[in-house]
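Fold and geometry: a report
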Amino acid sequence: MISKVRARALPASQRRSLEELTQDLDPSSGDTTSKCSAFWTMLTMSSVIAGGGVLTDSTATVIGAMIIAPLSTPIMGIALGSAQRRRTGSAAIVLLACLLVIVVGMIMSVTLPSDYDLLSNGRRGGGTGPARRGLGAPRGRGRTSSPWSSGAW
């Protein structure tokens, strides 16, 4: 029964072997030089685009930067390593990628003219204060989404 469902949902022509997955998702296998250079180049470009979108208050630009950001590959590499019970190095890449994006954002904010007010837009400064009314939505989502929540708040 289960094999019939799997065959209908995911035909054999669309399945990938473990070797193919490892080749694509493990940063230490295959052509590591081209994998690394493509990843870091695309990540740097997408972080610059996202930073520009935040500074110009362009939601579409930020979403476009999220689309071209190559972070899904190392995240899937973490999942592959977890399934194989071995380390692939993808977690370190994700952490370094987060640091790179933070540094690019900091550089972009420091290089702005001194008369540019970063907090003039409510979206960039909103949600950062300790206002109690802003905690209602996360509390509600946490209560409904977690099967282990006790509900005792």
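What counts and how
Residues numbered from 1 in each chain as written. Predicted model: local features only at pLDDT ≥ 70, side-chain atom pairs only at ≥ 80, totals over all residues. Heavy atoms only, no water. Helix = DSSP H or I, 4+ residues; strand = E, 2+ residues; numbered from the N terminus. Contact = heavy atoms within 4.5 Å. Areas by Shrake-Rupley, 256 points an atom, 1.4 Å probe, with all protein chains shown as cover. pLDDT = per-residue confidence, 0-100. Expected span 1.5 Å × (residues − 1). Buried < 20%, exposed > 50% of the residue type's maximum accessible area, 1.4 Å probe, protein only. Salt bridge = Lys/Arg side-chain N within 4 Å of Asp/Glu carboxyl O. Axes fitted to C-alpha atoms, helices over the stretch in contact; angles between N-to-C directions. Parallel < 35°, antiparallel > 145°, perpendicular 65-115°, else oblique. Left-handed = near helix turned anticlockwise from the far one by under 90°. Nonpolar A, V, L, I, M, F, W, Y, C, P; charged D, E, K, R; others polar.

1. Some remarks on the overall build of the protein chain
On a plain count of helices and strands, the protein chain comes out with eight helices and zero strands. Ordering the α and β elements of the protein chain from the N terminus gives α-α-α-α-α-α-α-α. A separation of at least 24 residues holds for 56% of the contacts in the protein chain among residues at least 6 apart in sequence. On the protein chain, roughly 11,200 Å² of surface is accessible, and the fraction owed to carbon and sulfur atoms is 65%.

2. Observations concerning the confidence of the model for the protein chain
Put simply, the protein chain has an average pLDDT of 79, and 78% of its residues get 70 or more. Per-element mean pLDDT across the protein chain ranges from 52 in helix α8 (residues 136-145) up to 92 in helix α4 (residues 59-68). Below a pLDDT of 50 lies the segment residues 145-153, which in the model reaches five contacts outside its immediate sequence neighbourhood of four places, other chains included.

3. Considering unusual backbone geometry
One non-glycine residue, Asp 57, adopts positive backbone phi at about 60 degrees. Inspection of the secondary structure puts Asp 57 in the loop between α3 (32-55) and α4.

4. Regarding α3
Between the first and last C-alpha of α3 there are 34 Å, a value that for 24 residues agrees with the 34 Å anticipated at 1.5 Å per step. Residues Phe 39, Leu 43, Ser 46, Ser 47, Gly 51, Gly 53 and Leu 55 constitute the buried set of α3. Downstream of α3 by a residue or two, Asp 57 has a phi angle that is positive, lying close to 60 degrees.

5. Here we look at the side chain of Asp 26
Here Asp 26 shows up in the loop between α2 (18-25) and α3. For Asp 26, the contacting residues outside a window of four places in its chain are Leu 21, Lys 35, Arg 86 and Thr 88.

6. Examining the pattern of salt bridges
Pairing between side chains of opposite charge can happen when their charged atoms approach one another. In total, this model carries two salt bridges according to the counting rule given. With its nearest N and O atoms 1.9 Å apart, the salt bridge here joins Arg 16 to Asp 24. For Asp 26, the salt bridge identified is with Arg 86, shortest N-O distance 3.0 Å. In this pair, Asp 26 sits in the loop between α2 and α3 while Arg 86 sits in the loop between α5 (72-84) and α6 (90-110), placing the two residues 60 residues apart along the sequence. Asp 26 gets classed as buried once you look at its relative accessible area, which sits at 3%.

7. Observations concerning the packing of α3 against α4
Contact geometry for α3 and α4: axes closest at 8 Å, N-to-C directions at 165 degrees. Considering the angle they form, α3 stands roughly antiparallel to α4. Crossing of α3 against α4: the hand is left-handed. When α3 is examined against α4, the residues Met 42, Ser 46, Ile 49, Ala 50, Gly 53 and Val 54 are found in contact with a partner set consisting of Thr 61, Val 62, Ala 65 and Ile 68. The residue inventory of the contact of α3 with α4, partitioned by class, reads seven nonpolar, three polar and no charged.

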